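Residue-level listing of the chains:
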Amino acid sequence: MRITISGPPGSGKTTACRNLSAKLGVKAVVFGEFFRELARERGMTLAEFGELAENDHTIDERIDGMILDIARENRDIILESRLSAHMLTKNNIPAFRIYLEASPEVRMSRVGIREGESLEEVCRHTIERQSSEAKRYKMYYDIDIEDKSVYDLILNTEDMDPEQVVNRILKDIEESTCS
(Lines give C-alpha, C1' and ligand atoms only; values in the text may rest on other atoms or scores of the structure.)
Protein backbone atom coordinates (compact mmCIF):
# COMPACT_ATOMS: atom_id res chain seq x y z
CA MET A 1 0.00 0.00 0.00
CA ARG A 2 1.17 3.51 -0.80
CA ILE A 3 1.15 5.82 2.19
CA THR A 4 1.83 9.55 2.24
CA ILE A 5 2.69 11.46 5.38
CA SER A 6 2.41 15.23 5.32
CA GLY A 7 2.21 18.08 7.79
CA PRO A 8 4.01 21.22 8.88
CA PRO A 9 7.57 21.28 10.28
CA GLY A 10 7.78 19.66 13.71
CA SER A 11 4.52 17.73 13.41
CA GLY A 12 6.34 14.38 13.60
CA LYS A 13 6.19 13.35 9.94
CA THR A 14 9.74 12.07 9.60
CA THR A 15 9.67 10.16 12.88
CA ALA A 16 6.30 8.62 12.00
CA CYS A 17 7.55 7.78 8.51
CA ARG A 18 10.66 5.99 9.79
CA ASN A 19 8.79 4.15 12.56
CA LEU A 20 5.98 3.11 10.23
CA SER A 21 8.52 1.91 7.69
CA ALA A 22 10.23 -0.25 10.32
CA LYS A 23 6.92 -1.63 11.59
CA LEU A 24 5.59 -2.49 8.13
CA GLY A 25 8.89 -3.45 6.51
CA VAL A 26 8.14 -1.00 3.69
CA LYS A 27 10.64 1.41 2.14
CA ALA A 28 10.22 5.06 3.11
CA VAL A 29 11.38 8.13 1.20
CA VAL A 30 11.75 11.43 3.08
CA PHE A 31 11.77 14.26 0.55
CA GLY A 32 12.64 16.93 3.09
CA GLU A 33 16.07 15.31 3.37
CA PHE A 34 16.52 15.64 -0.37
CA PHE A 35 15.58 19.36 -0.22
CA ARG A 36 18.02 19.88 2.68
CA GLU A 37 20.78 18.11 0.75
CA LEU A 38 20.23 20.34 -2.30
CA ALA A 39 20.44 23.40 -0.03
CA ARG A 40 23.68 22.12 1.55
CA GLU A 41 25.19 21.43 -1.87
CA ARG A 42 24.66 25.08 -2.73
CA GLY A 43 25.89 26.31 0.66
CA MET A 44 22.46 27.73 1.50
CA THR A 45 20.13 27.65 4.47
CA LEU A 46 16.68 26.14 3.99
CA ALA A 47 15.17 29.64 3.93
CA GLU A 48 17.68 30.82 1.31
CA PHE A 49 17.12 27.73 -0.81
CA GLY A 50 13.34 28.15 -0.48
CA GLU A 51 13.68 31.72 -1.71
CA LEU A 52 15.73 30.49 -4.67
CA ALA A 53 13.04 27.89 -5.40
CA GLU A 54 10.45 30.70 -5.55
CA ASN A 55 12.31 31.99 -8.61
CA ASP A 56 13.44 28.67 -10.07
CA HIS A 57 10.54 26.27 -10.57
CA THR A 58 12.89 23.49 -11.70
CA ILE A 59 13.87 22.82 -8.06
CA ASP A 60 10.32 21.90 -7.03
CA GLU A 61 9.60 20.21 -10.35
CA ARG A 62 12.60 17.94 -9.85
CA ILE A 63 11.56 16.92 -6.33
CA ASP A 64 7.85 16.61 -7.12
CA GLY A 65 8.60 14.65 -10.28
CA MET A 66 10.55 12.22 -8.10
CA ILE A 67 7.53 11.86 -5.80
CA LEU A 68 5.33 10.88 -8.72
CA ASP A 69 7.92 8.56 -10.30
CA ILE A 70 8.54 6.73 -7.04
CA ALA A 71 4.81 6.46 -6.31
CA ARG A 72 4.09 5.06 -9.79
CA GLU A 73 6.94 2.54 -9.55
CA ASN A 74 6.14 1.28 -6.05
CA ARG A 75 2.82 -0.10 -4.84
CA ASP A 76 4.26 -0.46 -1.32
CA ILE A 77 6.04 2.73 -0.28
CA ILE A 78 5.82 5.48 2.32
CA LEU A 79 6.34 8.99 0.97
CA GLU A 80 6.99 11.82 3.42
CA SER A 81 6.62 15.29 1.98
CA ARG A 82 4.33 18.22 2.43
CA LEU A 83 3.04 17.89 -1.11
CA SER A 84 2.90 14.11 -1.64
CA ALA A 85 -0.81 13.67 -0.80
CA HIS A 86 -1.80 16.53 -3.09
CA MET A 87 0.46 15.36 -5.92
CA LEU A 88 -0.81 11.78 -5.79
CA THR A 89 -4.42 12.98 -5.62
CA LYS A 90 -3.96 15.29 -8.63
CA ASN A 91 -2.43 12.40 -10.57
CA ASN A 92 -4.99 9.76 -9.56
CA ILE A 93 -2.43 7.59 -7.76
CA PRO A 94 -4.09 5.67 -4.93
CA ALA A 95 -2.62 6.00 -1.43
CA PHE A 96 -3.58 6.25 2.20
CA ARG A 97 -2.92 9.94 2.91
CA ILE A 98 -1.97 11.07 6.41
CA TYR A 99 -1.67 14.61 7.75
CA LEU A 100 0.07 15.15 11.09
CA GLU A 101 -0.34 18.36 13.03
CA ALA A 102 0.45 19.93 16.41
CA SER A 103 0.26 23.43 17.88
CA PRO A 104 2.89 25.91 16.71
CA GLU A 105 4.42 25.97 20.22
CA VAL A 106 4.93 22.20 20.28
CA ARG A 107 6.19 22.10 16.70
CA MET A 108 8.68 24.95 17.22
CA SER A 109 9.97 23.26 20.37
CA ARG A 110 10.50 19.98 18.48
CA VAL A 111 12.27 21.73 15.60
CA GLY A 112 14.46 23.69 18.03
CA ILE A 113 15.57 20.50 19.75
CA ARG A 114 16.24 18.80 16.39
CA GLU A 115 18.09 21.72 14.83
CA GLY A 116 19.82 22.97 17.99
CA GLU A 117 18.45 26.48 17.50
CA SER A 118 16.89 28.97 19.89
CA LEU A 119 13.10 29.25 19.90
CA GLU A 120 13.37 32.69 18.29
CA GLU A 121 15.53 31.35 15.44
CA VAL A 122 13.27 28.35 14.94
CA CYS A 123 10.14 30.51 14.77
CA ARG A 124 11.69 32.87 12.24
CA HIS A 125 13.11 30.10 10.04
CA THR A 126 9.99 27.96 10.18
CA ILE A 127 7.66 30.86 9.33
CA GLU A 128 9.89 31.82 6.39
CA ARG A 129 9.99 28.21 5.20
CA GLN A 130 6.26 27.65 5.46
CA SER A 131 5.51 30.94 3.71
CA SER A 132 7.88 30.10 0.86
CA GLU A 133 6.42 26.61 0.45
CA ALA A 134 2.81 27.84 0.44
CA LYS A 135 3.69 30.48 -2.15
CA ARG A 136 5.51 28.00 -4.41
CA TYR A 137 2.86 25.28 -4.21
CA LYS A 138 0.13 27.77 -5.12
CA MET A 139 2.21 29.39 -7.87
CA TYR A 140 3.50 26.19 -9.49
CA TYR A 141 0.64 23.74 -8.94
CA ASP A 142 -2.38 25.77 -7.81
CA ILE A 143 -2.34 23.76 -4.59
CA ASP A 144 -3.45 25.33 -1.33
CA ILE A 145 -1.28 23.52 1.21
CA GLU A 146 -3.85 24.33 3.91
CA ASP A 147 -6.49 22.26 2.07
CA LYS A 148 -6.79 19.08 4.11
CA SER A 149 -9.63 17.55 2.11
CA VAL A 150 -7.25 15.12 0.37
CA TYR A 151 -6.32 13.31 3.60
CA ASP A 152 -7.70 10.02 4.88
CA LEU A 153 -6.38 10.66 8.40
CA ILE A 154 -5.69 13.96 10.15
CA LEU A 155 -3.90 13.32 13.42
CA ASN A 156 -2.86 15.76 16.12
CA THR A 157 0.44 14.42 17.51
CA GLU A 158 0.80 17.02 20.24
CA ASP A 159 0.06 14.73 23.20
CA MET A 160 1.26 11.49 21.62
CA ASP A 161 4.61 9.76 21.73
CA PRO A 162 6.02 8.28 18.48
CA GLU A 163 4.76 4.79 19.26
CA GLN A 164 1.22 6.05 19.87
CA VAL A 165 1.32 7.92 16.56
CA VAL A 166 2.35 4.81 14.61
CA ASN A 167 -0.20 2.62 16.41
CA ARG A 168 -2.98 5.08 15.58
CA ILE A 169 -1.89 5.22 11.93
CA LEU A 170 -1.81 1.42 11.72
CA LYS A 171 -5.28 1.21 13.27
CA ASP A 172 -6.71 3.65 10.74
CA ILE A 173 -5.00 1.92 7.83
CA GLU A 174 -6.41 -1.42 8.96
CA GLU A 175 -9.90 0.06 9.33
CA SER A 176 -9.70 1.64 5.87
CA THR A 177 -8.68 -1.61 4.19
CA CYS A 178 -11.44 -3.55 5.96
CA SER A 179 -14.22 -1.21 4.86
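Refer to the structure above for everything that follows.
Owing to the predicted nature of the structure, the values given are computational and were not obtained by experimental measurement.

Visitor: How do you make sense of unusual backbone geometry when you look at a structure like this?
Guide: Unlike most non-glycine residues, Asn92 shows phi in positive territory, near 55°. Mapping Asn92 onto the fold places it in the loop between helix H5 (84-90) and strand S4 (96-101). Residue classification places Asn92 among the exposed residues on the basis of a relative accessible area of 69%. If you check the backbone angles, Asp142 has positive phi at about 55° while not being a glycine.

Visitor: Explanation requested: the packing of aromatic side chains in the structure shown.
Guide: For any two aromatic rings, the description comes down to two numbers: the centre-to-centre distance and the angle of the planes. Under the definition given, this model contains three aromatic pairs. The interplanar angle of 55° and the centroid separation of 5.0 Å between the aromatic rings of Tyr99 and Tyr151 together place this pair among those described as tilted. In this pair, Tyr99 sits in strand S4 while Tyr151 sits in the loop between helix H7 (119-141) and strand S5 (153-156), placing the two residues 52 residues apart along the sequence. With relative accessibility at 8%, the residue Tyr99 sits in the buried group. Overall, the relative accessible area of 9% leaves Tyr151 in the buried class.

Visitor: How should the sheet that holds S4 be read in this particular structure?
Guide: Sheet architecture is open: five strands sit in the order S2-S3-S1-S4-S5, paired in parallel fashion. The open sheet has two edge strands with one neighbour each: strand S2 (28-30) and S5. The average undirected angle you get between the axes of adjacent strands in this sheet is 20°. In terms of strand pairing, strand S1 (residues 2-6) meets S4 through four bridges, oriented parallel. Along S4, the bridge assignment pairs Ile5 with Ile98. The strands touched by helix H1 (residues 13-24) within the sheet are S1, S2, strand S3 (77-80) and S4, with S1 carrying the most contacts at an inclination of about 160°.

Visitor: Just checking my understanding: could you explain the environment of Thr15 for this structure?
Guide: When you line up the elements, Thr15 lands in helix H1. Spatially, the C-alpha atoms of Thr15 and Gly112 are 15 Å apart, while their sequence positions differ by 97 residues.

Visitor: Would you mind going over the layout of surface pockets with me for this structure?
Guide: Gaps between atoms show up when a probe of the same size as a water molecule is rolled over them. In this structure, the largest pocket spans a volume of roughly 690 Å³. The set of elements that each furnish at least two residues to the lining of the largest pocket consists of H1, helix H2 (31-41), helix H4 (57-73), helix H6 (104-115), H7 and helix H8 (162-178). Classifying every residue of the lining of the largest pocket gives 16 nonpolar, eight polar and 14 charged.

Reading guide: rules and limits
- Residues numbered from 1 in each chain as written.
- Predicted model: local features only at pLDDT ≥ 70, side-chain atom pairs only at ≥ 80, totals over all residues.
- Heavy atoms only, no water.
- Helix = DSSP H or I, 4+ residues; strand = E, 2+ residues; numbered from the N terminus.
- Buried < 20%, exposed > 50% of the residue type's maximum accessible area, 1.4 Å probe, protein only.
- Phe/Tyr/Trp six-rings, centres within 6.5 Å; stacked < 30°, edge-to-face > 60°.
- Pairing = 2+ DSSP bridges.
- Axes fitted to C-alpha atoms, helices over the stretch in contact; angles between N-to-C directions.
- Contact = heavy atoms within 4.5 Å.
- 1 Å grid on protein atoms, 1.4 Å probe; cavity = no way out; pocket = protein on both sides within 12 Å on 5 of 7 lines; lining within 4 Å.
- Points joined across faces, edges and corners; volume = space filled by probe spheres on them.
- Nonpolar A, V, L, I, M, F, W, Y, C, P; charged D, E, K, R; others polar.

Read these as spatial facts, not as claims about activity.
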